[in-house]
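# Structural overview for review
The chain contents come next:
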Amino acid sequence: MATHPTLGVRLDRICCIGAGYVGGPTCATIALKCPHIKVTIVDMNEARINAWNSDNLPIYEPGLTEIVKACRGKNLFFSTDVRGAIQEADIIFASVNTPTKTKGVGAGRAADLKFIESVGRTVAEYANGNKIIIEKSTVPVKTAEALHRVLTANKGPHTYWILSNPEFLAEGTAMKDLAAPDRVLIGGLTTTEGFAAANVLVDVYANWVPRERILTTNLWSSELSKLVANAMLAQRVSSINSISQLCEKTGADVAEVSRAIGKDSRIGPKFLGASVGFGGSCFQKDILNLVYICECEGLNEVAKYWQQVVDMNEHQKSTFARRIISSLFNTVTGKKIAVFGFAFKKDTGDVRETPAMTVCHMLMQDGAVVHVYDPKVEKEDALIEFRYHELQVDESKLVFSDSPKDAVDGAHAIVVLTEWDEFKRYDYGDFYGRMMKPAFVFDGRGILNRPQLEGMGFEVHTIGQAQGAMPIPEPPVVAKRLTIAESVQSTTGKVILVTGTAGFVGFHAAAALKKRGDGVLGIDCFHHYYPPSYKRARAKALEAQGVLTLDVDLNDAETMNKLFQEHKFTHILALAAQAGVRYATKDPQSYVKSNIEGFMTLLEAARSVEPKPRIVYASSSSVYGLNTKVPFAETDIVDQPASLYAATKKSNEMMAHTYKHVYGLSFIGLRFFTVYGPWGRPDMAAWSFTTKIMKGEPLKIFQGPNESELERDFTYIDDIIQGCVASVDHITPSTKEEAMYKLYNLGNKDPVTVSYLVDCLENALGKKAIRNYMPMPPTGDVLRTSADVTLAGKDLGYKPTTPLQEGINKFIEWYKDYYKNGLDRDMDEYVPM
């Protein structure tokens, strides 16, 4: 057990008191980055701890779930045993809530420190040795002094050192902020032991944060720095929001003003986006705390200055709500208003101090029926916040909808209050047809395309723009190319090489892994099996999501080995392959070159590095070949391939088994069953049939003996990706002792006839197909595929949820949007085998 030589504190165990928005993510990151340290997060709230120990964490933060699952039960623990955790650890984070006081001296401004005080008394009561107590909560200046007094008055024979370590996290990007912070601030007493205590915490962070980014100060500077940082950021928001109101009166565009002043290096572009107002747990609370401290110190003019930042924020929210009411003919009584977003910002479910609360309350007070859609906020979350602020709500006038379409149906207006990215991608033309006329859009975040909406018929009111003023489009700029370093940056500890990222499944898998915080690098050779221009469009779309695709052939052993030497991949998701059954009759060598030789090159590169990466690879349902027992199960003998493609995929499974046995590489092979969906392959039935139906061309529908119908287990892409991601998370390390070899079916477990697929396409397109039935040619197709996914469900938690008609509807919606201007020349001339 590691112990500090002078302070006598144990260095390999950390306790965090408080399992909330700060304590949970912070200490989960410490556990991930410091596997040699046992981290225990405790809270008296049993329901919250139970949630942390479940698959449904009590807070939403991109990347958090993956980190918790990776560390929980290993060196990360959640418990209600506060006493046991305090006695087991000598490094203790105090990460409890410090709300604004609601009554008594300083009510409405001063921080309520009862929970911090309680931490001090609890530590003193249960301490069994010297302790370092770290203020992680946002606290006013001199809180450490008060905490020290509580501890020393009850300390017994033990010594306590108080440190200040304020968090500078932004909800929605907290895990990225923790993984690569701008700075870590640690304040302590300027004594020999105070410096030693601070260095204990410095050494913890230095496991992943460069030491030049770890700043040490005295206690009071550290405590004040957090309040001032939030005050300065909020000040910028209120400043640009004040200008947005001036822009609405004068015809200027606040977005253009922000861009112009943001180019000034002395100002910079951050926090200059006008909005309906700031929210969250920190900005307002910290400014009001700062105001109270200034007043207590007799700095009344300083207090008034900072109070104005909060006053301006309240004015912005109420002004926006009044603009909605005024535009809707000075009354919203009985009118349905669709509100997009209730969280205070995107990528979080946090509703504390959200501007949406004020706007929705004012609309309801005027008689509106507010229908809210937010992807992460439940109605009860909103009601709790209303009750906290003592705002009365008629629940019949506050409806939380299951979908944006439900919220919009019959609405008079759409009000955007949170900047969720998905709000930009909606089909507003469809929404317009569902709404009362005239139909209004009030964009409180400035994220929607106003000219496009007005072209549809909407009356649009955008924050910071005068009614009737049209923004001047920016000149086209050359986008900055994503770097490899940016692509492989990870907040989860996983760095994954995905092969075939310009392909269908590889594109979606890479996007899903990157979205949750994994580092992802893609490679693809942009083969001409179908138009490379379409594959490059996928790669471009993927780059916009943070994943770079390198133009690399799997058979280029020199480049592959260099990639593995330069980038310590923890996992490989091998999805590159020559696909298609019938194409083998035209170019059989391409299957050998890509699926066998290329796979061999990949395995050789993987076994040459230490530690060796874990490998999840794509097999295929085609390996079941001429088997007649259905559904197909992983335990079935697969020695009757019906196509060269199937033979190469069976070869991959055998090669994987060999490399596991000889070299200790860990493998999961995934047998995909007929995948379809957005960005799908144009040679597959869903795509090719859609194109022909749209053109009015006949379909070739193959039949088996005696005019029997072919059946396929059509599986929607999101269900397939669920299985891919789960495999990445479940695969064991590539060592002789721990390596695994597993095969799983990923299918929909509900095979249907090809004719039924055509029925679904007709329903989605609203157009009948011309059906030509003909005998199946001898090109390697089989009569039926049907997946038994029991094993995948048991081991991976795999559960397909998308019925064929629902998936086809989603595909057609994407297809129509992607080709709204018609097929490009390459795709129009493409003829599948």
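Residues numbered from 1 in each chain as written. Predicted model: local features only at pLDDT ≥ 70, side-chain atom pairs only at ≥ 80, totals over all residues. Heavy atoms only, no water.

### Comments concerning helix α28 (residues 804-818)
In an α-helix, one full turn covers 3.6 residues, which means residues spaced three or four apart are oriented alike. The terminal C-alpha atoms of α28, which comprises 15 residues, lie 21 Å apart, in line with the 21 Å expected from a rise of 1.5 Å per residue. Along α28, the residues that are buried comprise Leu804, Gly807, Ile808, Phe811, Ile812, Trp814 and Tyr815. Buried residues of α28 fall within an arc of 165 degrees about the axis and therefore sit on the same side. Along its buried surface, α28 packs onto α20 (532-543), β21 (675-676), α24 (685-695), β24 (715-716), β26 (752-753) and α26 (754-765). (Helix = DSSP H or I, 4+ residues; strand = E, 2+ residues; numbered from the N terminus. Expected span 1.5 Å × (residues − 1). Buried < 20%, exposed > 50% of the residue type's maximum accessible area, 1.4 Å probe, protein only. Arc of directions from axis to C-beta. Contact = heavy atoms within 4.5 Å.)

### Some thoughts on the packing of aromatic side chains
Evaluated as defined, the whole model comprises 45 aromatic pairs. With 5.0 Å between their ring centres and 15 degrees between their planes, Trp814 and Tyr818 make a pair best called stacked. Of this pair, Trp814 and Tyr818 both sit in helix α28, 4 residues apart, which is roughly one turn of that helix. When its relative accessible area of 29% is taken as the criterion, Tyr818 is described as partly exposed. Above the face of the Phe168 ring, Arg183 is positioned so that its terminal group lies 3.7 Å from the ring centre. Sitting over the face of the ring of Tyr530, Lys535 holds its NZ or CZ atom 4.6 Å from the ring centroid. (Phe/Tyr/Trp six-rings, centres within 6.5 Å; stacked < 30°, edge-to-face > 60°. Lys NZ or Arg CZ within 6 Å of the ring centre and 35° of its normal.)

### A closer look at the pairing of strand β10 (residues 369-373)
Burial runs high along β10: 4 of the 5 residues are buried. As defined by bridge partners, strand β9 (residues 336-340) adjoins β10 across 5 bridges and the pair is classed as parallel. The partner of Ile337 across the bridge, within β10, is Val370. Taken together, β9, helix α13 (residues 355-365) and β10 constitute a β-α-β crossover, and its handedness is right-handed. As defined by bridge partners, β10 adjoins strand β11 (residues 398-400) across 3 bridges and the pair is classed as parallel. By the bridge assignment for β11, Val372 is matched with Phe400. For the crossover that starts at β10, traverses helix α14 (residues 379-388) and ends in the parallel β11, the hand is right-handed. (Pairing = 2+ DSSP bridges. Right-handed = clockwise from strand over helix to strand, strands pointing away.)

### A look at the environment of Ser533
Position of Ser533 relative to the elements: it lies in helix α20. Take Ser533: its relative accessible area is 35%, and that puts it in the partly exposed class. C-alpha separation for the pair Ser533 and Tyr60, spaced 473 residues apart in sequence, amounts to 37 Å.

### Things to note about the confidence of the model for the protein chain
Predicted confidence across the protein chain gives a mean pLDDT of 91, with 96% of residues reaching 70 or more. Counting interchain partners and residues more than four positions distant, the pLDDT-below-50 stretch residues 470-479 has 7 contacts. (pLDDT = per-residue confidence, 0-100.)

### Comments concerning the pattern of salt bridges
For the structure on display, the rule yields 40 salt bridges. Note that Glu454 is salt-bridged to Arg450, the shortest N-O span being 3.1 Å. Linking Glu454 with Arg450, this pair stays in helix α17 (residues 450-456), spanning 4 residues, or about one helical turn. Since its relative accessible area comes to 26%, Glu454 is described here as partly exposed. The class of Arg450 is buried, set by a relative accessible area of 3%. One salt-bridge network, held together by shared partners, links Lys494, Arg516, Asp518 and Asp729. (Salt bridge = Lys/Arg side-chain N within 4 Å of Asp/Glu carboxyl O.)

### What about the sheet that holds strand β17 (residues 548-551)?
Reading across the sheet, the 7 strands line up as β17-β16-β15-β18-β19-β20-β25 and stay open at both edges, with parallel pairing between neighbours. Two strands in the sheet have a free side with no partner beyond their single neighbour: β17 and β25 (741-746). Neighbouring strand axes in the sheet, compared pairwise and without regard to direction, differ in orientation by 20 degrees on average. Sheet topology places strand β19 (residues 614-620) next to strand β20 (residues 667-672); 6 bridges connect them, and they run parallel. Paired with Ala618 across the bridge in β20 is Leu670. (Axes fitted to C-alpha atoms, helices over the stretch in contact; angles between N-to-C directions.)

### Side note on the packing of helix α19 (residues 504-515) against helix α25 (residues 717-730)
Close contact between α19 and α25 brings their axes to 10 Å; oriented N to C, the two are set at 60 degrees. It follows that α19 is oblique to α25 by the angle criterion. Regarding α19 and α25, the two cross each other, and that crossing is right-handed. Along its contact with α19, which presents Phe504, Val505, His508, Ala509, Ala512 and Leu513, the element α25 presents Ile717, Ile720, Ile721, Cys724 and Val725. Of the residues assigned to the contact of α19 with α25, the class counts are 10 nonpolar, 1 polar and no charged. (Parallel < 35°, antiparallel > 145°, perpendicular 65-115°, else oblique. Left-handed = near helix turned anticlockwise from the far one by under 90°. Nonpolar A, V, L, I, M, F, W, Y, C, P; charged D, E, K, R; others polar.)

### Remarks on helix α12 (residues 300-327)
Over its 28 residues, α12 extends 40 Å from the first C-alpha to the last, a length consistent with the 40 Å expected when each residue adds 1.5 Å. Residue Phe329 follows α12 closely and has a positive phi angle near 65 degrees.

### A closer look at the sheet that holds strand β14 (residues 459-462)
Spatial strand order, β11-β10-β9-β12-β13-β14: 6 strands in an open sheet with parallel pairing. Either end of the sheet is taken by a strand with one partner, and the two such strands are β11 and β14. This sheet shows a mean twist of 20 degrees between the axes of neighbouring strands, independent of strand direction. Where α13 meets the sheet, its contacts fall on β9, β10 and β11, and the angle it forms with β10 comes to roughly 155 degrees.

### What about the pairing of strand β15 (residues 495-499)?
Within β15, 5 of the 5 residues are buried, which leaves it mostly tucked inside the rest of the structure. Residues Val495, Leu497 and Thr499 of β15 are buried on one face, and the alternating residues Ile496 and Val498, pointing to the opposite face, are buried as well. When β15 meets strand β16 (residues 519-524), the two strands line up parallel, connected through 5 bridges. When the sheet's bridge partners are listed, Ile496 is paired in β16 with Val520. With α19 bridging β15 and its parallel neighbour β16, the resulting β-α-β unit is right-handed. In this sheet, strand β18 (residues 571-574) lies alongside β15 in parallel orientation, the contact comprising 4 bridges. Following the sheet pairing, Thr499 is matched in β18 by Ala574.

### Here's the deal with the nonpolar core
In terms of nonpolar packing, the biggest core is built from 79 residues, with Val505, Phe672 and Ile808 touching the most fellow members. Once you skip the residues sitting within four places of it in the chain, Ile808 turns out to touch Tyr676, Ala686, Leu757, Cys760, Leu761 and Ala764. Formed by 45 residues, the second largest nonpolar core is a distinct cluster that contains Leu7, Ala28, Ile49 and Val209. (Core = buried A, V, L, I, M, F, W, Y, C linked by side-chain atoms within 4.5 Å.)

### A few points about empty space enclosed by the protein
In this structure the tally under the stated criterion is 4 cavities of 30 Å³ or more. Along the wall of the largest cavity there are 14 residues; nearest its centre are Leu554, Ala574, Ala576, Phe599 and Asn652. Broken down by secondary-structure element, the contributors of at least two residues to the lining of the largest cavity are α22 (588-607), β19 and α23 (644-663). The element best represented in the lining of the largest cavity is α22, accounting for 5 residues. Here the residues of the lining of the largest cavity are counted per class, giving 8 nonpolar, 5 polar and 1 charged. (1 Å grid on protein atoms, 1.4 Å probe; cavity = no way out; pocket = protein on both sides within 12 Å on 5 of 7 lines; lining within 4 Å. Points joined across faces, edges and corners; volume = space filled by probe spheres on them.)

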